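This is what each chain is made of:
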Protein chains: 2
Amino acid sequence: MKKLYGVGVGPGDAELITLKGYNLIKKADVIFIPMSRGESTAGSIAKEYIDGKRVLKLEFTMGEDNKKRYVEAADIINTELKDGETGVFLTIGDPMVYSTFVYLVKELFNNNIEVESIPGITSFGAAANRTMLPISLKDDKFYLCDGKIDEEIIKKSDSICILKTYKNKTEILDILERNNFKYVYVKRCGYVEEKIIYEKEEILNEKDYMSLILGRRVSNG
Amino acid sequence: MKKLYGVGVGPGDAELITLKGYNLIKKADVIFIPMSRGESTAGSIAKEYIDGKRVLKLEFTMGEDNKKRYVEAADIINTELKDGETGVFLTIGDPMVYSTFVYLVKELFNNNIEVESIPGITSFGAAANRTMLPISLKDDKFYLCDGKIDEEIIKKSDSICILKTYKNKTEILDILERNNFKYVYVKRCGYVEEKIIYEKEEILNEKDYMSLILGRRVSNG
């Protein structure tokens with residue numbers, strides 16, 4: 001039997017990996033890291049932990065036919081992992097939050113590879129702790145989305161997080177303001193380039209891909 | 001200056017603490033653990049890491065006047081932490097997700113204690129990874145709540161998690177079924193008593209407080 005662990009390495013700060021993920025990396029026979037156009041964010045975050053390990057890069061360029069790439073990646077993993085060996089596949093953040101690991105899992109199952117997924121700190125979790133703007137207090141409804149927002153849901157939510165805000169920040173901030181939400185923009189949480197911005201005009205001037213907006217309904221009390 | 005770190009210890013499995021949280025515990029002068037009726041879940045989870053440290057228990061019994069308890073707790077922390085010392089306050093899961101740490105922070109600020117919050121793995125994050133039912137795939141809307149659910153939000157969501165399901169499980173499962181959601185019930189994720197249940201009747205028979213339901217819209221494809 002071969003086993004692959006999906007390990008969430010967290011959003012950027014190397015110390016935000018779990019002890020479990022760290023220990024699995026140290027014990028693994030092979031580390032697989034996803035690449036996009038020659039770069040791997042997950043690989044960079046876990047750099048100091050995978051140094052000296054057998055590391056295999058798997059290319060997943062966005063926009064290509066990824067189904068075919070997952071089949072090929074599972075095939076490579078199956079070939080590289082010998083019977084009785086364990087591998088670790090690194091993912092940024094958490095493997096179950098806007099990650100492509102789930103698609104790979106299906107193909108791994110088709111190859112009879114045992115799979116286990118290890119949670120990681122999400123970017124919105126890190127940003128909420130960094131700014132101490134709570135994701136949820138008692139009885140709160142929290143809404144998470146990925147660029148496309150739905151004002152009807154926001155109207156009924158107490159707290160929100162919008163990832164990938166670079167396309168429609170003006171729309172997002174307008175909706176939040178007219179629904180009485182305070183907000184904060186967090187860029188590259190945990191990186192040296194981290195930036196936390198509360199001012200609307202300043203937020204609108206930012207263009208970074210790895211950014212998010214946290215919002216929270218201002219209470220009447 | 002005195003500094004207190006809120007550290008999320010994760011949902012139950014001791015290895016799901018972050019390296020950062022673990023290192024802060026090891027370096028801290030004092031560990032503060034919240035107690036409720038003489039027990040501390042966060043303290044139990046991190047038991048092996050706080051062994052041998054100076055540990056101080058703070059009672060926060062539910063239902064009492066907690067505002068007063070937070071003022072008192074901040075006062076105790078202020079007295080126990082000497083100038084230049086650092087303390088760690090443990091919270092189950094993540095300090096920004098249905099935690100009372102946020103209320104304590106306000107009182108700590110009033111005592112001029114510097115505060116930093118370290119994210120932890122949430123119960124819903126751990127359960128999603130355990131069952132490999134994704135929290136979110138590309139463009140998904142995820143909705144998190146705490147017992148009280150709103151069918152109008154569910155209608156517009158792709159994925160949901162309901163914590164504290166012990167009061168209204170029948171209502172929850174009925175709403176999920178009529179909105180074409182598949183679901184799974186996860187009890188005490190990461191504990192020896194962990195139970196993962198997909199069958200409706202079996203779910204309805206469960207009574208555990210530390211349980212949640214993950215749901216995901218069944219796609220038409």
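As a starting point, this report considers the structure included with it.

Reading the values: rules and limits
- Residues numbered from 1 in each chain as written.
- Chains lettered and ligands numbered in written order.
- Predicted model: local features only at pLDDT ≥ 70, side-chain atom pairs only at ≥ 80, totals over all residues.
- Heavy atoms only, no water.
- Helix = DSSP H or I, 4+ residues; strand = E, 2+ residues; numbered from the N terminus.
- Rg over C-alpha atoms; globule rule 2.2 N^0.38 Å.
- Buried < 20%, exposed > 50% of the residue type's maximum accessible area, 1.4 Å probe, protein only.
- Areas by Shrake-Rupley, 256 points an atom, 1.4 Å probe, with all protein chains shown as cover.
- Lys, Arg positive; Asp, Glu negative; His and termini not counted.
- Charge placed at Lys NZ, Arg CZ, Asp CG, Glu CD.
- Pairing = 2+ DSSP bridges.
- Axes fitted to C-alpha atoms, helices over the stretch in contact; angles between N-to-C directions.
- Contact = heavy atoms within 4.5 Å.
- Salt bridge = Lys/Arg side-chain N within 4 Å of Asp/Glu carboxyl O.
- Phe/Tyr/Trp six-rings, centres within 6.5 Å; stacked < 30°, edge-to-face > 60°.
- Lys NZ or Arg CZ within 6 Å of the ring centre and 35° of its normal.
- Arc of directions from axis to C-beta.
- Polar contact = N/O pair within 3.5 Å; in protein donor to acceptor, adjacent residues only side chain to side chain.
- Nonpolar A, V, L, I, M, F, W, Y, C, P; charged D, E, K, R; others polar.
- Core = buried A, V, L, I, M, F, W, Y, C linked by side-chain atoms within 4.5 Å.

### A few points about the overall build of chain A
Within chain A, the regular secondary structure consists of nine helices and 10 strands. Computed over C-alpha atoms, the radius of gyration of chain A comes to 19 Å, within 12% of the 17 Å expected from 2.2 N^0.38 for 221 residues, which places it in the range of a compact globule. Oriented by its inertia axes, the alpha-carbon framework of chain A measures out at about 60 × 35 × 30 Å. The buried share of chain A, reckoned over its 221 residues, is 59%. Of the roughly 9,700 Å² of accessible surface on chain A, a fraction of 48% belongs to carbon and sulfur atoms. Side chains of chain A carry 33 positive and 35 negative charges; the gap between the two charge centres is 1 Å.

### Some remarks on the sheet that holds strand E1 (residues 3–8) of chain A
Residues and elements named next belong to chain A. The strand order E3-E2-E4-E1-E5 describes an open sheet built from five strands, whose pairing is parallel. With one partner strand each, in any of the chains shown, strand E3 (55–59) and strand E5 (114–118) form the two edges of the open sheet. Averaged over all adjacent pairs, the angle separating strand axes in this sheet is 25°, with direction ignored. Running over the sheet, helix H5 (residues 101–110) touches E1, strand E4 (86–91) and E5 and is turned about 160° from E5.

### Describing the pattern of salt bridges
Taken as a whole, this structure holds 40 salt bridges over all chains when the rule is applied. A salt bridge links B:Glu152 to B:Lys155; the shortest N-O distance between them is 3.5 Å. Linking B:Glu152 with B:Lys155, this pair stays in helix H7 (residues 151–156), spanning three residues, or about one helical turn. Looking at B:Glu152, the relative accessible area reads 41%, which means it is partly exposed. The closest approach of N and O atoms between B:Asp174 and B:Lys200, which form a salt bridge, is 3.0 Å. In this pair, B:Asp174 sits in helix H8 (residues 169–178) while B:Lys200 sits in helix H9 (residues 200–205), placing the two residues 26 residues apart along the sequence. Residue B:Asp174 is classed as partly exposed on the basis of its relative accessible area of 30%. Overlapping salt bridges bring together A:Lys3, A:Glu114 and A:Glu116 as one network.

### Regarding the packing of aromatic side chains
All names here are of chain A. Summed over all chains, the structure comprises 14 aromatic pairs over all chains. Members of the aromatic cluster, each reached through a chain of ring pairs, are Phe60, Tyr70, Phe89, Phe101 and Tyr103. Its guanidinium or amino end placed over the ring of Tyr191, Arg188 lies 5.8 Å from that ring's centre, counting from NZ or CZ.

### Describing unusual backbone geometry
Its identity is not glycine, yet A:Asp139 carries a phi of approximately 70°, on the positive side. Of note, A:Asp139 is situated in the loop between helix H6 (123–131) and strand E6 (142–146). A positive phi is found at B:Tyr98, a non-glycine position, where the angle reads about 45°. Under the relative-accessibility criterion, B:Tyr98 is labelled buried at 19%.

### Digging into H8(B)
Residue and element names in this part refer to chain B. Residues of H8 that are buried: Lys169, Ile172, Leu173, Ile175 and Leu176. What you see down the axis of H8 is that its buried residues fit within an arc of 160°, all on one side. Those residues of H8 that are buried lie in contact with H7, strand E7 (159–163), strand E8 (181–187), H9 and strand E10 (211–217). One or two steps after H8, the chain reaches Asn180, where phi turns positive at roughly 65°.

### Notes on the interface of chain A and chain B
On the side of chain B, 52 residues touch chain A, which itself brings 52 residues to the contact. In this structure, B:Asp139 engages A:Lys148 in a salt bridge whose closest nitrogen and oxygen atoms are separated by 3.4 Å. In this structure, the connection of chain A to chain B is made through 30 residue pairs in polar contact (both at pLDDT 80 or more). Elements with a minimum of two residues in the side of chain A that touches chain B: helix H1 (19–27), H5, E5, H6, E6 and helix H7 (151–156) of chain A. Here the element with the most residues in the side of chain A that touches chain B is E6(A); it accounts for five residues. Taken together, the residues of the side of chain A that touches chain B break down into 29 nonpolar, nine polar and 14 charged.

### Overview of the nonpolar core
A:Leu90 and B:Leu90 are the most contacted members of the largest nonpolar core, which totals 123 residues. Among all residues touching B:Leu90, those that are not within four sequence positions of it are B:Val7, B:Val9, B:Ile25, B:Ile31, B:Phe32, B:Ile33, B:Pro34, B:Ala42, B:Gly43, B:Ala46 and B:Ile50. Core analysis: the second largest hydrophobic core is formed by 34 residues, A:Cys145, B:Ile172, B:Leu173 and B:Ile203 among them.

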